[in-house]
Amino acid sequence: MGPSPYPAQADSSREQTMKALILFWLCVLLFPSFSQGRVVGEDEAGFAECNVFFPRQVPPEGFTEPFHVKICQQYNREPRFATLYSTKDKIPLYSAFKYTKAAQNEEESWLVEPQVDDPDNDQQEMVLEADLVGTVANLGANQALTSDYVGSGYERGLLNPSLLNEEDFQMATYTLTNAVPLSPSLSKTWHRDIGRVVEQALAPHCPSRDHLYLLAGAIPSSVRVKGKVSVPEALWLAACCDAAEGWSLGLVKRTSDENSLADLTVGELEEQLLAGVELFKGSCGGDSKNKEKVEAILQAVGQMRAGGQVGTNDSQESRESGLVRKVAGIIATPFIKLLELLIYLLVELVKFTFYFLWLVIKRVGSTLLDGASSLWGGVVSYLQAISLVLIGIPYDLGRVVASISLGFLEIVQDVAFLTYRILRIPVGFVLHLAAFPYYSICAIPSVLKDLAAGIGGTFSLAVDATATLLHGFYYVASHIAKRFVPKGSSGD
């Protein structure tokens, strides 16, 4: 079947992880919507667009606990497989998929699903755990994180094995919602055994791969990794060939015996799961009707056991490899923690930089708006003052004209009165005529006085207008200075 989905040596694993991190960062920056995992809403039927991974598009029944979350695993905007996740046990209960093609494993890019922890989060795509720090409420409350596996002695074992998939289907399997805690040796035998069974026994006895439906699941136990993630007591595989001569069967591997691989009917497998569970509907439900196909498959599985192809040959090698990995894991743990700290600090530094830029832009914008508002207020005040001065000029000019007119009317009145007196009394006329130059000369000072008053009023008006204009400019300048020129130290 090929190499295990996990590197045999710790240093090689760390190197691949680093490469995957760099690759995934580039993918997130350049193609942010390629890798997605959508939490299916309660108002949607089954697993929505991921119903295609179940026979007749009908998912298993009987998994009705409120902590069961349905996830449609997607990659490159296409559904790749379906997962029922337990937020209580922090592991998937099963993943439904189709066998595409055996392939060598690619570099791992482990992702988490934000909406499992925060249903109100609008980020509908799987991302690296470090990218979600500080952006998702209660991160890790309902799902396992990479940090839960570090230094625990367990690996992230895939229910939907990566080696049964190719290209985009394989990349989609590297999500923590598809992983359960397995010892390194058990993880290796599980993926190898299931891979060989599917490729050598199941697929050859189904007319088309498109008709072969696979359910890989885990039975949670009370044993917890770091008091959080349940270690499964058993792993199981249910297969259904939904064709004219269809068949179905089940396989179970107990985690206490990594070399075990018991075959049983789907009905017998359902009895070992939750009460009322029905994995397949239609021709795949219950006991298989095509006994001949099932016997041929079981014979192929038996030949694998007899030939030592299912776990027995490499048990000692697995144990030795597991010991080496444990020792390497203990040595590498401080470096992994340091790497996680550096990634966290980098993310926080980027967040702080953006926050600082936002504060600077906000402060500069606020200052500009306040300055513009103050300038506009000063201009309005200046225009009001100028308007009052301009309005007052005609009034003062009218007063001067009125004073001159009144003086002129007084002269006319005196002339009329003098004429009347002359015409009435001849002698008096002569006398008044003789006195006319005198009265005229005496009236000149009064007229000059009135003229001087008018001219003085006009000059006073001009002085008032100039003073008001200067006062307006002084008000605007002082107002701007108060806004833009920093005040003296006040003890801050």
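Scoring rules and cut-offs
- Residues numbered from 1 in each chain as written.
- Predicted model: local features only at pLDDT ≥ 70, side-chain atom pairs only at ≥ 80, totals over all residues.
- Heavy atoms only, no water.
- Helix = DSSP H or I, 4+ residues; strand = E, 2+ residues; numbered from the N terminus.
- Buried < 20%, exposed > 50% of the residue type's maximum accessible area, 1.4 Å probe, protein only.
- Contact = heavy atoms within 4.5 Å.
- Areas by Shrake-Rupley, 256 points an atom, 1.4 Å probe, with all protein chains shown as cover.
- Polar contact = N/O pair within 3.5 Å; in protein donor to acceptor, adjacent residues only side chain to side chain.
- pLDDT = per-residue confidence, 0-100.
- Salt bridge = Lys/Arg side-chain N within 4 Å of Asp/Glu carboxyl O.
- Phe/Tyr/Trp six-rings, centres within 6.5 Å; stacked < 30°, edge-to-face > 60°.
- Disulfide = S-S within 2.5 Å.
- UniProt positions renumbered as here; feature names shortened; annotations may be inferred.
- Pairing = 2+ DSSP bridges.
- Core = buried A, V, L, I, M, F, W, Y, C linked by side-chain atoms within 4.5 Å.
- Patch = residues over 30% accessible without salt bridge, like charges linked within 9 Å, V, L, I, M, F, W, Y side chains within 5 Å.

The name given to the protein chain in an unreviewed UniProt entry is Endonuclease domain containing 1, with Cairina moschata as the source organism.

A.B. asks: Talk me through the overall build of the protein chain; I want residue IDs and the actual numbers.
C.D. replies: Looking only at helices and strands, the protein chain has ten helices and twelve strands in total. Taking all 492 residues of the protein chain together, the buried fraction comes to 42%. Residue pairs at least 24 apart in sequence account for 68% of intrachain contacts in the protein chain once pairs closer than 6 positions are excluded. Surface exposure of the protein chain reaches about 26200 Å², of which carbon and sulfur atoms provide 63%.

A.B. asks: Give me the lowdown on the side chain of Asn-165, citing residues and values where you can.
C.D. replies: Secondary-structure assignment places Asn-165 in the loop between β5 (155–158) and α5 (167–172). For Asn-165, the side chain forms a polar contact with the side chain of Asn-160, separated by 3.1 Å.

A.B. asks: I'd like a description of the confidence of the model for the protein chain, backed by residues and values.
C.D. replies: The predicted model of the protein chain averages 79 in pLDDT, with 77% of residues at 70 or higher. Taken as a whole, residues 16–35 scores under 50 in pLDDT and shows 32 contacts with residues more than four places along the chain or in a different chain. Throughout residues 309–316 the model reports pLDDT below 50, and contacts reaching past four residues in sequence, or to other chains, amount to 20 contacts.

A.B. asks: Go over the pattern of salt bridges with me, naming the residues and quoting the values.
C.D. replies: Per the counting criterion, the structure on display carries eight salt bridges. Here Asp-193 ties to Arg-192 by a salt bridge, and the two come within 3.6 Å at their closest N and O atoms. Judged by its relative accessible area of 0%, Asp-193 is buried. A salt bridge links Lys-351 to Glu-348; the nearest nitrogen and oxygen atoms lie 3.4 Å apart. Of this pair, Lys-351 and Glu-348 both sit in helix α9 (residues 315–424), three residues apart, roughly one helical turn. Taking the relative accessible area as the measure of exposure, Lys-351 reaches 33% and is therefore partly exposed. Overlapping salt bridges, with partners in common, bring together Arg-192, Asp-193 and Lys-253 in one network.

A.B. asks: Residue-level account of the packing of aromatic side chains, with values.
C.D. replies: Within the structure shown, the criterion is met by six aromatic pairs. Seen from their ring centres, Phe-63 and Tyr-94 are 5.2 Å apart, and the 65° between their planes marks the pair as edge-to-face. With Phe-63 in the loop between β1 (35–39) and β2 (68–75) and Tyr-94 in strand β4 (residues 91–98), this residue pair connects regions lying 31 residues apart in the sequence. Looking at Phe-63, the relative accessible area reads 15%, which means it is buried. For Tyr-94, a relative accessible area of 1% translates into the label buried. Of the aromatic side chains, those joined through ring pairs into one cluster are Phe-47, Phe-54, Phe-63 and Tyr-94.

A.B. asks: Give a description of the state of the cysteines that names residues and reports values.
C.D. replies: Tallying each qualifying case throughout the model produces two disulfides. Paired by a disulfide, Cys-50 and Cys-72 hold their sulfur atoms 1.9 Å apart. Taking the sign of the S-S torsion, 75° for the link of Cys-50 and Cys-72, the bridge is right-handed. Here the residue Cys-50 occupies a position in the loop between β1 and β2, and Cys-72 occupies one in strand β2, the gap between them amounting to 22 residues. Paired through a disulfide, Cys-206 and Cys-241 show a sulfur-sulfur distance of 2.1 Å. The sign of the 85° torsion about the S-S bond sets the Cys-206-Cys-241 disulfide as right-handed.

A.B. asks: Help me get a handle on the UniProt feature "transmembrane region" (unreviewed entry) in the protein chain, residues and values and all.
C.D. replies: UniProt annotation of "transmembrane region" (unreviewed entry) refers to residues 341–361, 373–395, 401–420, 427–448 and 454–477 when read in the numbering used here. Secondary structure within residues 341–361 divides into 100% helix and 0% strand; the distance between the first and last C-alpha atoms comes to 30 Å. End C-alpha atoms of residues 373–395 are separated by 34 Å, and the span's content is 100% helix alongside 0% strand.

A.B. asks: An account of the pairing of strand β3 (residues 78–86) is needed here, citing residue identities and associated values.
C.D. replies: Burial of β3 is extensive: seven of the nine residues sit out of reach of the surface. Of the pairings in the sheet, the one linking β2 to β3 comprises eight bridges and is antiparallel in character. Note on β3: the bridge partner recorded for Lys-70 is Leu-84. A loop of two residues connects β2 with β3, the two strands running antiparallel in sequence, and Asn-76 in this loop sits at a positive phi of about 55°. Connecting β3 to the next strand, β4, in antiparallel fashion are four residues, including Lys-90 with a positive phi near 60°.

A.B. asks: Describe unusual backbone geometry, and please don't skip the residues or the numbers.
C.D. replies: Even without being a glycine, Arg-56 presents a positive backbone phi close to 60°. One can find Arg-56 in the loop between β1 and β2. Judged by its relative accessible area of 53%, Arg-56 falls in the exposed class. Notably, Asn-76 is not glycine yet its phi reads approximately 55°, a positive angle. Here Asn-76 is to be found in the loop between β2 and β3.

A.B. asks: Help me get a handle on the nonpolar core, residues and values and all.
C.D. replies: Ranked by size, the top nonpolar core spans 52 residues in total, and within it Val-198, Leu-202, Leu-212, Leu-214, Leu-237 and Trp-247 carry the most contacts. Looking at this core element by element, the count peaks at seven residues for helix α6 (residues 184–202). Contacts of Leu-212, omitting those with residues within four sequence positions, involve Phe-97, Lys-98, Tyr-99, Leu-202, Ala-203, Cys-206, Cys-240 and Trp-247.

A.B. asks: Go over the side chain of Ser-260 with me, naming the residues and quoting the values.
C.D. replies: Within the secondary structure layout, Ser-260 lies in the loop between β11 (247–254) and β12 (262–264). Using a relative accessible area of 17% as the deciding quantity, one classes Ser-260 as buried. Separated by 2.7 Å, the side chain of Ser-260 and the backbone oxygen of Asp-257 make a polar contact. Setting aside residues no more than four positions away along its own chain, Ser-260 makes contact with Val-252, Lys-253 and Arg-254.

A.B. asks: Give a description of a nonpolar patch on the surface that names residues and reports values.
C.D. replies: Together, Leu-349, Phe-352, Phe-356, Leu-357, Val-360, Ile-361, Val-364 and Leu-368 make up a nonpolar patch on the protein surface, roughly 810 Å² of accessible area in all. Note that Phe-356 resides in helix α9. According to the relative accessible area criterion, Phe-356 is partly exposed, its value standing at 46%.

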